[in-house]
Amino acid sequence: MTAAPPAYWYWEDINEGLVLEFGPKKVDRDEVIRFATDFDPQPFHLSEEAGKASLFGGLAASGWHTAGMVMRLMCDGFLLKSSSLGSPGLDSLKWLRPVMVGDEIRARMTVLGRRPMKSKPSVGLVQTRWEAVNQRDEVVMTIENWAMFGRKEPAAEQA
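Residues numbered from 1 in each chain as written. Predicted model: local features only at pLDDT ≥ 70, side-chain atom pairs only at ≥ 80, totals over all residues. Heavy atoms only, no water.

### A short note on helix α1 (residues 29-39)
Taken as a whole, α1 has its buried residues at Val32, Ile33, Phe35 and Ala36. Summarising the axial view, the buried residues of α1 lie within an arc of 165°, below the 170-degree limit, and thus occupy one face. Its buried side turned inward, α1 meets α2 (43-46) and α4 (63-77). Among the residues of α1, the N-terminal cap falls to Asp28, whose side-chain oxygen and the backbone nitrogen of Asp30 are separated by 3.1 Å. (Buried < 20%, exposed > 50% of the residue type's maximum accessible area, 1.4 Å probe, protein only. Helix = DSSP H or I, 4+ residues; strand = E, 2+ residues; numbered from the N terminus. Arc of directions from axis to C-beta. Contact = heavy atoms within 4.5 Å. Polar contact = N/O pair within 3.5 Å; in protein donor to acceptor, adjacent residues only side chain to side chain.)

### Examining the side chain of Asp13
Structurally, the position occupied by Asp13 is in the segment before β1 (19-26). Side chain to side chain, Asp13 and Lys152 meet in a polar contact 3.2 Å long. The residues contacting Asp13, other than those within four sequence positions of it, are Pro6, Tyr8 and Lys152.

### A look at the nonpolar core
Generally speaking, a soluble globular protein has its nonpolar side chains buried in company with each other. Core analysis: the biggest nonpolar cluster contains 31 residues, and Ile14, Val70, Phe78, Trp130, Met141 and Phe149 have the highest contact counts within it. Listing elements by their share of this core, those giving two or more residues are β1, α1, α4, β3 (104-116), β4 (123-133) and β5 (139-150). (Core = buried A, V, L, I, M, F, W, Y, C linked by side-chain atoms within 4.5 Å.)

### Remarks on the packing of aromatic side chains
Taken as a whole, this structure holds eight aromatic pairs when the rule is applied. For the pair Tyr8 and Tyr10, a centre-to-centre distance of 5.1 Å together with 65° between the ring planes defines the contact as edge-to-face. Its relative accessible area of 37% is what places Tyr8 among the partly exposed residues. Aromatic pair Trp9 and Phe78: ring centres 5.5 Å apart, planes at 65°, arrangement edge-to-face. Placement of the pair is Trp9 in the segment before β1 and Phe78 in the loop between α4 and β2 (90-95), with a sequence separation of 69 residues. Per residue, the accessibility class of Trp9 equals that of Phe78, and both read buried. Here the aromatic residues Trp9, Phe22, Phe78, Trp130 and Phe149 are joined through ring pairs into a cluster of three or more. The cationic tip of Arg114 hangs over the ring face of Trp11; the distance from NZ or CZ to the ring centre is 3.7 Å. Sitting over the face of the ring of Trp146, Arg115 holds its NZ or CZ atom 5.3 Å from the ring centroid. (Phe/Tyr/Trp six-rings, centres within 6.5 Å; stacked < 30°, edge-to-face > 60°. Lys NZ or Arg CZ within 6 Å of the ring centre and 35° of its normal.)

### Re the pairing of β3
Inspection of the sheet shows β1 paired to β3 by six bridges, in the antiparallel sense. Looking at β3, one finds that Leu20 is bridged to Met109. By the bridge criterion, 10 bridges tie β3 to β4 in an arrangement that is antiparallel. Note on β4: the bridge partner recorded for Thr110 is Arg129. Taken together, β3 and the strand that follows it, β4, pair antiparallel across an intervening segment of six residues. (Pairing = 2+ DSSP bridges.)

### Quick notes on the sheet that holds β2
Two orientations exist for strands paired in a sheet by backbone hydrogen bonds: parallel and antiparallel. Taken in spatial order, the five strands line up as β1-β3-β4-β5-β2 in an open sheet, and their pairing is antiparallel. The outermost strands of the open sheet, each flanked by one partner alone, are β1 and β2. With strand direction ignored, the average angle separating the axes of adjacent strands in the sheet is 20°. Each of β1, β2, β3, β4 and β5 is contacted by α4, which is oriented at about 65° to β3, the strand it contacts most. (Axes fitted to C-alpha atoms, helices over the stretch in contact; angles between N-to-C directions.)

By themselves, these figures tell us nothing about what the structure is for.
This is the structure we're talking about:
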C-alpha cells in the first residue's frame, strides 16, 4: 500500500527516489507568440511561416518559455504546497527537443538526494531532476538543482 502524500510538504517528507508528476499543460499558439514577442523574439518563435522554414518545421516555443511553463507546473503541483525556501541556482538546464504549438507537456520531479543544511538547522536541502515530458513521453527539457525547504524538526538530523 502506498501512503497518501502529505497535504503540505516539509523537508522530512521529501525522500531520495521520490517521483512526482504534474500537468499536463497544452502549449498554446498565442502564448508562444506573446512570450517570444516579449522575451525571445527569434523568428521561429514568432510565426508559423518562419517556424516552417526553420530546423523546427513549425512554430516552436522558446526554451525559456518551456522552462517557465514547467516552473508553473512545479509551483501549482508542488512548491506552493511546500515549505520551499527557493533555490541557490541551477546545476544544469538542457533543451533536448523542440516544444511545438499543440504539444502537451508534463513536469516530472525525481529526488536525487537530500541533506540538512549545516549552517541553518531549520533548513534542509533537496537535490532534484525536473523533466519536461511531451505527449509522446519524450523528455524535452531537463533541469537539475538543489532547493531549500523548511524543516518540521530542525534538530532531528543534525549533521
